[in-house]
Amino acid sequence: MRLEKSGPNVVLLSLTLVALAAWLGLDTVSVAANRIVPGTGYRVDEVIGAGGALATALPWLALAGFAWRPARRHLLLALVLVVLMLSALPAWLALSAVTLVDAPQARLGIGAGIWGVLFLLLLALIELRTRLVLSRLLGWALLLPPLASAALCLARWLEPLALWQEYRGRSGQFLGAVGEHLLLVGVAVGASLVLGVGLALAMRRWPGVQKAGFGMLNFLQTIPSIALFGLLLAPLAWLSANVDWLSALGVSGIGWAPALLALVGYSLLPMVRNTFVALEAVNPGVIDAARGMGMSRGQVFRQVRLPLALPVILEGIRITTVQAIGLTAVAALIGAGGLGTFIFQGLGQAAMDLVLLGALPILLLALLVDALLGALTDILRPGGAE
Amino acid sequence: MSKGRRWVVPLGWLALLLVATFGMGQLEGVFRWIEADSRQVIYARADFVTLLGRHLLVVSVAAVLAILLGVGAAIAATRDWGRDFLPLVSQLASIGQTFPPVAVLALAVPVLGFGTLPIIVALLLYGLLPIVRNTLAGLEGIDPGVMEAARGMGMSGGQILRQVELPLAAPVILAGIRTSVTINIATAAIGATVGASNLGDPIISGIVNGNTAYVVQGALLIGLLAVSVDSLFSRLPLAGSR
């Protein structure tokens, strides 16, 4: 894929043109007089005038130009330009806040234009990273300047940003929710790792367990999370009412107990499947060689089979964790806490920025965990990093 | 397994689903036992047949659109003229897999408002990803020798696609569609929190009002629906067995 082609880079070109259309045609920001009323949208030319809007089209045209002649040097310039434009988005919000917001109660919302441009620029970044064959780490490092710019703008000028106000109104609660979310995910993944490895080992020994176990776990996986959470309410409520030590532990029909049970149930399938497949897939020749060297059964397992299977097991942990982060959000419905609380509170009050305050961190958390565990898997793969 | 026997299990689940949907009212005694203190023990704001119908409608509209768009996009990205988009599309499909469905649903509401439309759009977007990913995997996984032979026989690009590529990739594509639909049945239920009325309604209402009987009714029907659809998919002639 690293061919230096003579023709234009169609992907980058179309991304750029669509993004330019979104930037000039959609509302970039909206201003509302207070939290309740819907805001008025402002396009670029309504913030800085038609001349200014035309000037903001220049970097896009430059990007299109680079895409037209995609030599490596041009693509590098395009990469720098994309990073600069990403960093300019928070500055645009800051500029809008300064020019448009005058009343202390007023709130600045992020418009469809900015979201669209952000999404398309990130796609362009992925495309350029692939074309230029940059390492994963460098790809992530490219996001630092935009993040720094966002932090600076938030601290200095973005007082009226609605999302920021929702956060500042409940910053303690927010950190608590992140903590709860991570704790639930961590305990669920940890428990399912222990149970899953045990189950996979049992399945290797007794084929009967394998068939029954996979059948059961597959069946469980098809039951929708909200239904499973709901179905656990009644039995747990009954248990906590009738078994003293369980209620002393804080187990009840609502809260962390049904959430954790359901999370572990869902997490077991990917965990067991990957562990089982990984242990089975180790080349029998390697095992023979190890036995031939005089290793005992236990040694073969610990020193040969497990290290060879580790990347695939880690893959299972990655899938499980990402899935659990999403499911924990649903668990907020049954009072388990976590970031989902903000989503459902926001939906209940029709406060969309509160919904964002819950949904965006969940999204980022999932992406972050996916990237970190993915990188770890690459490192542990026999033969080292990519 | 004989031809007729393979449908026994999915038809059994389907029959159970229908019996539960139409006969929920007859089970009042059972629910009275679960929820002895409540005045009302059968969810009555809408009848279960309507709720099931709406649920199926939303999921199937989203699924049909997702299949058309997803398979179409994956085919486009594997043709000669669209190959430039392949790396981006496949990376997007794999990154998108990490997005939790709830977050996608929640993000659709600020953009599209409350109601049925945002749910269909969110389900469509989320359902696209497994379909695109599996279609790509299926088409890319075809033995180059087979393609070479088809070309050598003088088949045109369209013929190769219809008669060689799609039939060979069908099991993998079907597995993607199955994943997509199963996830969407569950996500649609969460859609009840954003104003769509479907089988999620009794669950949400039950959780809010502390009426476990409602929760059990909704959960039972959604569970049966999900299991029926999943087992139908697993018996389709082209699907590989798990």
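This section reports on the structure supplied with the text. (Residues numbered from 1 in each chain as written. Chains lettered and ligands numbered in written order. Predicted model: local features only at pLDDT ≥ 70, side-chain atom pairs only at ≥ 80, totals over all residues. Heavy atoms only, no water.)

**Things to note about the overall build of chain A**
Point 1. The secondary structure content of chain A amounts to 16 helices and three strands.
Point 2. Taken along its principal axes, the extent of the C-alpha atoms in chain A is 75 × 60 × 30 Å.
Point 3. By sequence separation, contacts in chain A at least 24 residues apart represent 74% of the contacts at least 6 residues apart.
Point 4. Carbon and sulfur atoms make up 69% of the accessible area of chain A, which amounts to about 18,300 Å² in all.
Point 5. Between the centroid of the 24 positive side chains of chain A and the centroid of its 17 negative side chains there is a distance of 11 Å. (Helix = DSSP H or I, 4+ residues; strand = E, 2+ residues; numbered from the N terminus. Contact = heavy atoms within 4.5 Å. Areas by Shrake-Rupley, 256 points an atom, 1.4 Å probe, with all protein chains shown as cover. Lys, Arg positive; Asp, Glu negative; His and termini not counted. Charge placed at Lys NZ, Arg CZ, Asp CG, Glu CD.)

**Considerations on the sheet that holds strand β1 (residues 29-32) of chain A**
Residues and elements named next belong to chain A.
Point 1. Read from one edge to the other, the open sheet built from three strands follows the order β2-β1-β3, with strand pairing classed as antiparallel. Only two strands of the sheet have a single neighbouring strand rather than two, namely β2 (40-42) and β3 (107-110). Along the sheet, successive strands turn relative to each other by an average axial angle of 30 degrees, direction set aside.
Point 2. Of the strand pairs in this sheet, β1 and β3 are connected by four bridges, and their pairing is antiparallel. From the neighbouring strand, Ser-30 faces β3, where its bridge partner is Gly-109. (Pairing = 2+ DSSP bridges. Axes fitted to C-alpha atoms, helices over the stretch in contact; angles between N-to-C directions.)

**Brief notes about the packing of helix α3 (residues 48-78) of chain B against helix α10 (residues 212-235) of chain B**
Residue and element names in this part refer to chain B.
Point 1. For the pair α3 and α10, interaxial distance at closest approach is 12 Å and the crossing angle is 45 degrees. In terms of orientation, α3 and α10 fall into the oblique class. In the crossing of α3 with α10, the sense of the turn from one axis to the other is right-handed. Across the interface between the two elements, Phe-48, Leu-52, His-55 and Leu-56 from α3 touch Gln-217, Leu-221 and Leu-225 from α10.
Point 2. The residue inventory of the contact of α3 with α10, partitioned by class, reads five nonpolar, two polar and no charged. (Parallel < 35°, antiparallel > 145°, perpendicular 65-115°, else oblique. Left-handed = near helix turned anticlockwise from the far one by under 90°. Nonpolar A, V, L, I, M, F, W, Y, C, P; charged D, E, K, R; others polar.)

**So, the pattern of salt bridges**
Point 1. Under the definition given, this model contains eleven salt bridges over all chains.
Point 2. Ionic pairing is found between Arg-318 of chain A and Asp-370 of chain A, a salt bridge with its closest N-O pair at 2.3 Å. Linking Arg-318 of chain A in helix α14 (residues 297-331) with Asp-370 of chain A in helix α16 (residues 352-380), this pair joins segments that are 52 residues apart in sequence. Across this residue pair, the class does not change: Arg-318 of chain A and Asp-370 of chain A are buried.
Point 3. Close ionic contact of Glu-140 of chain B with Arg-83 of chain B constitutes a salt bridge, the shortest N to O distance being 3.8 Å. Taken together, the residues Glu-140 of chain B in helix α6 (residues 116-140) and Arg-83 of chain B in the loop between α3 and α4 (86-96) connect sequence positions 57 residues apart. (Salt bridge = Lys/Arg side-chain N within 4 Å of Asp/Glu carboxyl O. Buried < 20%, exposed > 50% of the residue type's maximum accessible area, 1.4 Å probe, protein only.)

**As for the interface of chain A and chain B**
Accessible area lost on assembly of the parts is the figure often given for the size of an interface.
Point 1. Across the boundary between the two partners, chain A contributes 44 residues, which contact 37 residues of chain B.
Point 2. A combined buried area of about 3,600 Å² lies between chain A and chain B, and 83% of that area is made up of carbon and sulfur atoms.
Point 3. The largest per-residue losses of area from chain A upon contact with chain B belong to Thr-222, Ile-226 and Leu-347 of chain A, which jointly make up 15% of the total buried on that side.
Point 4. On the surface where chain A and chain B come into contact, there are zero salt bridges.
Point 5. Here chain A and chain B share two residue pairs in polar contact (both at pLDDT 80 or more) between them.
Point 6. Elements represented by at least two residues in the side of chain A that touches chain B include exactly α1 (10-25), α4 (112-131), α9 (207-222), α10 (225-242), α14, α15 (340-349) and α16 of chain A.
Point 7. The element best represented in the side of chain A that touches chain B is α16 of chain A, accounting for ten residues.
Point 8. Across the side of chain A that touches chain B, the residue classes break down as 32 nonpolar, seven polar and five charged. (Buried area = accessible area lost by both parts, 1.4 Å probe. Polar contact = N/O pair within 3.5 Å; in protein donor to acceptor, adjacent residues only side chain to side chain.)

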